[in-house]
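Close look at the chain arrangement
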Amino acid sequence: MAEVPAFACGGHFNPELPPSGVGVVILPWHCPLCEGEGSWGDGSACLLCDGRGAITAEAAADWLKGEPQGSELKRSPVPPGIMRKPCGDCALRPGAPEEDELPSLERPFYCHVGMRVVNGSYAPAAWFDSRPLGALVCRGWWNAITGEGWLAEPYRPACDGWGRRA
């Protein structure tokens, strides 16, 4: 597995981990040996996660079968491009005006917070490759695709529906 340059900032990524292509791929676990830091106290790279701080499902299964017992696998933190918590007026809450036309789980759904209303619809200031620049991914959508479940608390309008406080 050769590393391929990925970013202008000099970072690298392994094209086989996570798999690229279709859909959302999440490495869902903090390494139990290094607590997700990627290295041990002496600075050496963790042997379980190979210094990445996250482990694959296969490595997690192997860990659960092996020694030492007692360490618990932990869910990875939510990435910074995702809203920290679902909005009270999230389109994915029961009773939301958008309830009959829920967004597809096949592609990211972006939060309306911070977007302007243009011609009666929320719109970001800029787009790149059909993605809104600066917009965060909706936490309700994130919960649905990661298996945390659909939002259960009902919709609470926070404003008049177009970003103005009621």
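The structure reproduced in this document is the subject of the present report.

Each value, and the rule that gives it
- Residues numbered from 1 in each chain as written.
- Predicted model: local features only at pLDDT ≥ 70, side-chain atom pairs only at ≥ 80, totals over all residues.
- Heavy atoms only, no water.
- Helix = DSSP H or I, 4+ residues; strand = E, 2+ residues; numbered from the N terminus.
- Buried < 20%, exposed > 50% of the residue type's maximum accessible area, 1.4 Å probe, protein only.
- Areas by Shrake-Rupley, 256 points an atom, 1.4 Å probe, with all protein chains shown as cover.
- Pairing = 2+ DSSP bridges.
- Patch = residues over 30% accessible without salt bridge, like charges linked within 9 Å, V, L, I, M, F, W, Y side chains within 5 Å.
- Salt bridge = Lys/Arg side-chain N within 4 Å of Asp/Glu carboxyl O.
- Core = buried A, V, L, I, M, F, W, Y, C linked by side-chain atoms within 4.5 Å.
- Contact = heavy atoms within 4.5 Å.
- Polar contact = N/O pair within 3.5 Å; in protein donor to acceptor, adjacent residues only side chain to side chain.

**What about the overall build of the protein?**
A count of helical and extended segments in the protein gives two helices and nine strands. Beginning at the N terminus, the succession of helices and strands in the protein can be written as β-β-β-β-α-β-β-β-β-β-α. Going through the 166 residues of the protein one by one, you find that 29% of them count as buried. Total accessible area on the protein stands at roughly 11,300 Å², and carbon and sulfur atoms take up 55% of it.

**What about the sheet that holds strand S5 (residues 74-75)?**
With antiparallel pairing, the three strands of this open sheet are ordered in space as S4-S3-S5. Lying at the two open borders of the sheet, with one neighbouring strand each, are strand S4 (54-55) and S5. Strand direction decides the pairing type here: strand S3 (residues 29-30) and S5, joined by two bridges, are antiparallel. Along S5, the bridge assignment pairs histidine 30 with lysine 74.

**A few points about a nonpolar patch on the surface**
Together, Leu33, Trp40 and Leu47 line one region of the surface with nonpolar side chains, adding up to about 300 Å² of accessible area. As for its placement among the helices and strands, leucine 47 is situated in the loop between S3 and S4.

**Notes on the nonpolar core**
One finds Val78, Ile82, Met83, Cys87, Cys90, Leu92, Cys111, Val137, Cys138, Trp141, Trp142 and Leu151 forming the largest nonpolar core, which totals twelve residues. Other than its neighbours up to four places away in sequence, valine 137 contacts Gly81, Ile82, Met83, Pro108, Phe109, Tyr110 and Cys111.

**Focus on unusual backbone geometry**
Phi is positive for glutamate 35, close to 60°, though the residue is something other than glycine. Within the secondary structure, glutamate 35 is located in the loop between S3 and S4. The phi torsion at aspartate 50 lies on the positive side, around 55°, for a residue other than glycine. Classification of aspartate 50 by relative accessible area gives exposed; the value is 53%.

**Digging into the environment of glutamate 72**
Relative to the assigned elements, glutamate 72 resides in the loop between helix H1 (57-65) and S5. Here glutamate 72 falls in the exposed class, since its relative accessible area comes to 61%. In the structure, glutamate 72 is positioned 40 residues away from proline 32 in sequence and 6.1 Å away in space, judged by C-alpha atoms.

**Observations regarding the environment of glycine 51**
Among the secondary structure elements, glycine 51 is positioned in the loop between S3 and S4. With 14 residues separating them in the primary sequence, glycine 51 and glutamate 37 have C-alpha atoms 7.8 Å apart. In contact with glycine 51, other than residues within four places in its own chain, are Gly38, Ala45 and Cys46.

**A look at the side chain of threonine 146**
Relative to the elements of secondary structure, threonine 146 occurs in the segment after helix H2 (139-145). Among the polar contacts made by the side chain of threonine 146, one reaches the main-chain carbonyl oxygen of tryptophan 142 at a distance of 2.8 Å. Only 3.4 Å separates the side chain of threonine 146 from the backbone oxygen of asparagine 143, close enough to count as a polar contact.

Geometric values such as these leave the question of function open.
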